[in-house]
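Each chain is listed here by its residues.
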Amino acid sequence: MRPYILAETNWKTIKDQNIDIAVLPWGATEAHNYHLPFATDNIMVDKIAQESAREAWDQGARPIVLPLIPFGVNTGQMDIKLNINLNPSTQLAVLDDIVDVLKRHGINKFLILNGHGGNDFKQIIRELGLKYPKIFICGCNWYQAFKNSDYFEAGGGHADEMETSMMLYLSPEMVLPLNEAGKGRGKKFRIKALNENWAWAERKWSQVTTDTGIGDPSRATAGKGEKCFNEVIKKIGNFIAELSKADVNNMYE
Ligand SMILES: [Zn+2]
């Protein structure tokens, strides 16, 4: 029983335990090329939340990891069988209820740890901040906590070399042999600006890729995944430890 994982701990332990910060891992349920499970984003973000919290706990921080939310925003993928979509407005409603609980129990720091590219919590955090001004709410996309090219040869972003390597390290029993994976070839927009970072439109996933992957997974290894995972949990663990110690009324220097 890890005391920093709410799903594992118990009322006897939790009722007198100091808690500085709540961490909510948020994933998605969606196809990941032919070779990775639908829960890929959930498995990765949950393990990263748990191990980052352990890292922070070992540094004296007192985080609590809440149970993962397994459904994310998949509005552009509704024609892909059993990709489950949760609209952003539903996410706001869920978060509002969770923050209300934190407020009632005097937990005034909250980290949403995101593991899915379609989730974007920035605007929701702004709106919740107006409603709960005494609670410091922040977000983190774990996949942006490192430089992809430091560990992997091919990029892509979905069921790619990075995600496949992570899964080969964290849950190899759930990964099909790589010769069964598609090439993960993703099409670009015809309009150039939409392929650059300054203009944006949602991609219709099934028109962009035939195997649901974007990024060539063929050079993925468990070793690459392990190295990357260890950097990510160190970095996010330190972040949680810093948040844990921080005074929410004195955040700037
Ligand atoms: Zn993914």
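Structural data are supplied above this passage.
Residues numbered from 1 in each chain as written. Predicted model: local features only at pLDDT ≥ 70, side-chain atom pairs only at ≥ 80, totals over all residues. Heavy atoms only, no water.

Engineer: Now, about the layout of surface pockets: what can you tell me, with residues and values included?
Structural biologist: Within this model, the second largest pocket holds a volume of roughly 350 Å³. Leu6, Ile14, Ile19, His105 and Ile107 are, among the 13 residues lining the second largest pocket, the residues nearest its centre. Mapped onto the lining of the second largest pocket, the elements with two or more residues apiece are helix 1 (11-14) and helix 3 (88-104). Among the elements that line the lining of the second largest pocket, the one with the most residues is helix 3, at 3 residues. Per-class residue counts for the lining of the second largest pocket are 10 nonpolar, 2 polar and 1 charged. (1 Å grid on protein atoms, 1.4 Å probe; cavity = no way out; pocket = protein on both sides within 12 Å on 5 of 7 lines; lining within 4 Å. Points joined across faces, edges and corners; volume = space filled by probe spheres on them. Helix = DSSP H or I, 4+ residues; strand = E, 2+ residues; numbered from the N terminus. Nonpolar A, V, L, I, M, F, W, Y, C, P; charged D, E, K, R; others polar.)

Engineer: Give a description of helix 7 (residues 222-245) that names residues and reports values.
Structural biologist: In a regular helix each residue adds 1.5 Å, so 24 residues correspond to 34 Å; helix 7 covers 34 Å between its end C-alpha atoms and thus fits that length. The set of residues buried in helix 7 consists of Lys224, Gly225, Cys228, Phe229, Val232, Ile233, Ile236, Gly237, Ile240, Ala241, Leu243 and Ser244. Against strand 1 (21-26), helix 2 (40-58), strand 2 (63-65), strand 3 (109-114), strand 4 (136-141) and helix 5 (161-170) lie the buried residues of helix 7. (Expected span 1.5 Å × (residues − 1). Buried < 20%, exposed > 50% of the residue type's maximum accessible area, 1.4 Å probe, protein only. Contact = heavy atoms within 4.5 Å.)

Engineer: With reference to specific residues and values, describe the nonpolar core.
Structural biologist: The biggest cluster of nonpolar side chains holds 39 residues, and the ones touching the most others in it are Leu111, Leu113, Trp142, Phe146 and Ile236. Breaking this core down by element, the ones donating at least two residues are strand 1, helix 2, strand 3, strand 4, helix 5 and helix 7. Every residue in contact with isoleucine 236, bar those within four places of it in the chain, is listed here: Ile48, Ser52, Leu113, Cys140 and Trp142. Of all hydrophobic cores here, the second largest spans 22 residues; its members include Trp26, Ile69, Leu86 and Phe121. (Core = buried A, V, L, I, M, F, W, Y, C linked by side-chain atoms within 4.5 Å.)

Engineer: How would you sum up the packing of helix 5 against helix 7? Please name residues and give values.
Structural biologist: Packing of helix 5 against helix 7 brings their axes to within 7 Å, and their N-to-C directions diverge by 90 degrees. Here helix 5 is positioned roughly perpendicular relative to helix 7, judged by the angle of their axes. Along its contact with helix 5, which presents Glu161, Ser165, Met166, Leu168, Tyr169 and Leu170, the element helix 7 presents Ala222, Lys224, Gly225, Glu226, Cys228 and Phe229. (Axes fitted to C-alpha atoms, helices over the stretch in contact; angles between N-to-C directions. Parallel < 35°, antiparallel > 145°, perpendicular 65-115°, else oblique.)

Engineer: With reference to specific residues and values, describe the coordination of the zinc ion.
Structural biologist: Binding of the zinc ion to the protein goes through His32 (NE2), Asp41 (OD), Glu163 (OE) and Glu163 (OE), at separations of 1.9 to 2.7 Å. Coordination at the zinc ion is irregular, judged from the 4 donor atoms that bind it and the angles of 52 to 134 degrees they form at the metal. Along the chain, the residues donating to the zinc ion fall in the pattern H-x8-D-x121-E. Residue histidine 32 is located in the loop between strand 1 and helix 2, and its partner glutamate 163 is located in helix 5; the two are separated by 131 residues in the primary sequence. The same class applies to histidine 32 and to glutamate 163, which are both buried. (Donors = N, O, S within 2.8 Å, 3.2 Å for Na, K, Ca; no water. Tetrahedral: all angles 85-135°; square planar, octahedral: opposite > 155°, others 65-115°.)

Engineer: Help me get a handle on the pairing of strand 4, residues and values and all.
Structural biologist: For strand 3 and strand 4, the ladder comprises 6 bridges, and the chain directions are parallel. Bridging across to strand 4, isoleucine 112 finds its partner in glycine 139. Read from strand 3 through helix 4 (residues 122-131) to strand 4, the crossover connection turns out right-handed. (Pairing = 2+ DSSP bridges. Right-handed = clockwise from strand over helix to strand, strands pointing away.)

Engineer: An account of the pattern of salt bridges is needed here, citing residue identities and associated values.
Structural biologist: This model, assessed by the stated rule, comprises 12 salt bridges. Close ionic contact of arginine 54 with aspartate 58 constitutes a salt bridge, the shortest N to O distance being 3.2 Å. Highlighted residues: arginine 54 and aspartate 58, both in helix 2, separated by 4 residues, approximately one helical turn. Relative accessible area serves as the criterion here: at 56%, aspartate 58 is assigned to the exposed category. The network of salt bridges with common partners includes Glu153, Glu161, Arg219 and Lys224. (Salt bridge = Lys/Arg side-chain N within 4 Å of Asp/Glu carboxyl O.)

Engineer: Residue-level account of helix 5, with values.
Structural biologist: Burial analysis of helix 5 places 9 of its 10 residues in the buried class, the great majority of the element. All buried positions along helix 5 are accounted for by Glu161, Met162, Glu163, Thr164, Ser165, Met166, Met167, Leu168 and Leu170. Looking at the packing, one finds that the buried side of helix 5 touches helix 2 and helix 7. Where helix 5 begins, the side chain of aspartate 160 points an oxygen toward the backbone nitrogen of methionine 162, at a separation of 3.3 Å. (Polar contact = N/O pair within 3.5 Å; in protein donor to acceptor, adjacent residues only side chain to side chain.)

Engineer: Residue-level account of the sheet that holds strand 3, with values.
Structural biologist: Reading across from one edge, 2-1-3-4 is the order of the 4 strands in this open sheet, with parallel pairing throughout. Each of the sheet's edge strands pairs with one partner strand only, and the pair in question is strand 2 and strand 4. Taking the axes of each pair of neighbouring strands and ignoring which way they run, one obtains an average angle of 20 degrees across the sheet. Against the sheet, helix 3 engages strand 1, strand 3 and strand 4, with an angle of about 160 degrees to strand 1. Packing against the sheet, helix 7 makes contact with strand 1, strand 2, strand 3 and strand 4, and its axis sits at approximately 165 degrees to strand 3.

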